[in-house]
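Fold and geometry: a report
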Amino acid sequence: MLRSRQADDAEPPWTRNDALVAGGACVMNLLSYAFFNAPDGRHAVSVAGFLFVALAALPLLARRRHPVAALTAILVLDSAATLIVPLPRHFGAVLVVALYSVARARPGRVTAVAAVATVALTLVSQSAGHLPSWQDAVIPPLTTLIVVGTAMAVNRWQAEVAANRRLLADRAVADERRRIARELHDIVAHHITTMQLMSGGARANLGEPEVVRDALVTLEASGRLALREMRQLLAVLRDGDEPEATPAQPQPGADDLGRLVEESCLAGLPTELSVHGPRRPLPPTVGLTVFRITQEALTNARKHAGPARASVRLTYARDQVTVEVRDDGGGAPPLEGAPAGGYGLIGMRERVALHGGALSAGPQADGGFAVVARLPLTTDESDEAAVQHEGARR
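Here is what the cut-offs are and how they apply
Residues numbered from 1 in each chain as written. Predicted model: local features only at pLDDT ≥ 70, side-chain atom pairs only at ≥ 80, totals over all residues. Heavy atoms only, no water. Helix = DSSP H or I, 4+ residues; strand = E, 2+ residues; numbered from the N terminus. Buried < 20%, exposed > 50% of the residue type's maximum accessible area, 1.4 Å probe, protein only. Contact = heavy atoms within 4.5 Å. Areas by Shrake-Rupley, 256 points an atom, 1.4 Å probe, with all protein chains shown as cover. Axes fitted to C-alpha atoms, helices over the stretch in contact; angles between N-to-C directions. Parallel < 35°, antiparallel > 145°, perpendicular 65-115°, else oblique. Left-handed = near helix turned anticlockwise from the far one by under 90°. Pairing = 2+ DSSP bridges. Expected span 1.5 Å × (residues − 1). Core = buried A, V, L, I, M, F, W, Y, C linked by side-chain atoms within 4.5 Å. Salt bridge = Lys/Arg side-chain N within 4 Å of Asp/Glu carboxyl O. pLDDT = per-residue confidence, 0-100. Patch = residues over 30% accessible without salt bridge, like charges linked within 9 Å, V, L, I, M, F, W, Y side chains within 5 Å.

A few words on the overall build of the protein chain. Looking only at helices and strands, one finds twelve helices and five strands in the protein chain. Residues counted as buried form 34% of the 394 residues belonging to the protein chain. By sequence separation, contacts in the protein chain at least 24 residues apart represent 72% of the contacts at least 6 residues apart. Counting only carbon and sulfur atoms, one obtains 61% of the accessible surface of the protein chain, whose full area is about 23300 Å².

This is the structure we're talking about:
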């Protein structure tokens, strides 16, 4: 903190942009002095006049840090120059920049006082004690109104831009939270259901050591896998400066459906997997969506289908990939302790919608339940996924 304050104190009171603005306004005022007539109709140019005009522009160097003080100094110097040296009646560029800076940086009350003071001092100094003509009386207030109005319009525009940026940032955070919620729901619902079923199976078969042993091994593996996937997911909430002790495991994809089917069979739901069409690498986000939809659909089948069989069908087409999860169950009461409603179908629809695909889920006419998700693929995505897959193999 001390170093930061020292750095701020060491900074110059003005920047290069301030110097450029002050120089440009000074040049415009000098040109006005050199080529326009004085109030008495003469075209008098002197060294003193140039010095006074140039001196009046110096306070612009401090307009960012001290806009009110800079405007006050400019009004005083400009009024003194107008009274000492014959100058053309005008609302100079230096005064415009100073008033604009006050209107941009200070609240409305301060800006109103600055505008009134600017109009009053300009009229008094340029009239030289005489009653000004209607043109001279109208120009300063009109110019002041234009300058202040422009500054207020810019302030409002910047406020709207900042509000839009905050809105977009909040929306991005909300989208990320929903994504994390979907991932957590899929991970927890799948693995906890498997662990619950396997522990129940072990309790029901205490007289058969081999069956109990297999159930406990599956339960342990499912718990370890759930912990690893949750750790990978929650790693996105950690600071980026903290180094990873071990490289992150790749996200699951379509190639991992066999593991889901094996877990489903061990959990008591006989499941078959079939793949149609030429298998090819999928983009990571599409592969993860296929995996999570299959995972959630099988979890729901184990919860609600009762005694049933399930099938997973993965179809590769030229421009899309389709995953179908069907069961022939007649429905069963929810597992003890399971919530009556959930976010599984909502999460699946959100995942598919992110890819511009279509999802249908519901009971079938001949019994059972089916979930069908169609995810579009572009040629560029397929080519990129193939390149990434080939690079990973090397």
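With that settled, the discussion passes to the packing of helix α3 (residues 47-56) against helix α4 (residues 67-84). For the pair α3 and α4, interaxial distance at closest approach is 9 Å and the crossing angle is 165°. Relative to α4, the element α3 lies roughly antiparallel. The two elements α3 and α4 meet at a crossing, and its hand is left-handed. Contacts from Phe52, Leu55 and Ala56 in α3 reach Ile74, Leu77, Asp78, Ala81 and Ile84 in α4.

A word on the pairing of strand β4 (residues 358-363). Two elements, β4 and strand β5 (residues 369-376), share six bridges in a ladder whose sense is antiparallel. The partner of Ala361 across the bridge, within β5, is Val371. As consecutive antiparallel partners, β4 and β5 are separated by five residues, and within that stretch Gly367 has a phi angle of approximately 100°, a positive value.

Here we take up helix α5 (residues 93-105). Over its 13 residues, α5 extends 18 Å from the first C-alpha to the last, a length consistent with the 18 Å expected when each residue adds 1.5 Å. Residues of α5 that are buried: Ala93, Val94, Leu95, Val97, Ala98, Leu99, Ser101, Val102 and Ala103.

Another aspect to go through is the pairing of strand β1 (residues 271-276). Taken together, the six bridges between β1 and strand β2 (residues 310-316) define a ladder with parallel strand orientation. Pairing of Ser274 across the sheet is with Arg313, part of β2.

Moving on, we get to the nonpolar core. In this structure, Leu282, Val290, Leu314, Val321 and Val323 are the most contacted members of the largest nonpolar core, which totals 29 residues. For this core, the secondary-structure elements that each account for two or more residues are α9 (257-266), α10 (284-304), β2, β3 (320-327), α11 (344-354) and β5. Here this core takes seven residues from α10, the largest share from any one element. Leu30, Leu60, Val85 and Ala98 belong to the second largest nonpolar core, which has 24 residues in total.

Let us look at the pattern of salt bridges. Counted according to the given criterion, the structure contains six salt bridges. Members of the salt-bridge network, linked through shared partners, are Arg313, Glu324 and Arg326.

For the rest of this paragraph, the subject is α10. With 21 residues, α10 ought to run about 30 Å at 1.5 Å a step, and its terminal C-alpha atoms sit 30 Å apart, in line with that. Here α10 lies mainly inside the structure; 17 of its 21 residues are buried. Gly306, located one to two residues past α10, shows a positive phi value of around 75°.

Before going further, it helps to spend a moment on the environment of Leu359. Relative to the assigned elements, Leu359 resides in strand β4. By relative accessible area, Leu359 is classed as buried at 16%. Along the primary structure Leu359 and Thr322 are separated by 37 residues, whereas in three dimensions their C-alpha atoms are 9.8 Å apart.

Should pLDDT be low for a region, the predicted coordinates there are not to be read in detail. The predicted model of the protein chain averages 75 in pLDDT, with 68% of residues at 70 or higher. Least confident of the elements in the protein chain is helix α1 (residues 2-10), whose mean pLDDT is 47; most confident is β2, at 93. Low confidence marks residues 1-10, where pLDDT is under 50. Its contacts with residues over four positions away, or in another chain, come to one contact.

Attention shifts here to the packing of α9 against α10. Two elements in contact, α9 and α10, have axes separated by 10 Å at closest approach and are oriented at 10°. By the angle between their directions, the pair α9 and α10 is classed as roughly parallel. In this structure, α9 contributes Leu257, Arg259, Leu260 and Ser264 to the contact, and α10 contributes Val290, Phe291, Thr294, Gln295, Leu298 and Arg302.

In this section: the sheet that holds β3. With mixed pairing, five strands are arranged side by side in an open sheet as β1-β2-β3-β5-β4. Lying at the two open borders of the sheet, with one neighbouring strand each, are β1 and β4. Each strand of the sheet is rotated relative to its neighbour by a mean of 10°, with strand direction disregarded. The pairing of β2 with β3 spans seven bridges and is classified as antiparallel. Of the residues in β3, the one forming a bridge with Thr315 is Thr322. Each of β1 and β2 is contacted by α9, which is oriented at about 160° to β1, the strand it contacts most. Where α11 meets the sheet, it contacts β4 and β5, and its direction lies at approximately 155° from that of β4.

We now examine a nonpolar patch on the surface. Nonpolar side chains collect at one region of the surface, where Val138, Leu142, Leu145 and Ile146 lie side by side and expose about 390 Å² of accessible area between them. You can see Ile146 is positioned in helix α7 (residues 134-204).

For Leu269, the position within the fold is in the loop between α9 and β1. With 36 residues separating them in the primary sequence, Leu269 and Ala305 have C-alpha atoms 9.2 Å apart.

The next point concerns the environment of Ala56. With respect to the secondary-structure elements, Ala56 resides in helix α3. Separated by 34 residues in sequence, Ala56 and Ala22 place their C-alpha atoms 9.8 Å apart. With near-sequence residues (within four places) excluded, Ala56 lies in contact with Ile74, Leu77, Asp78 and Val94.

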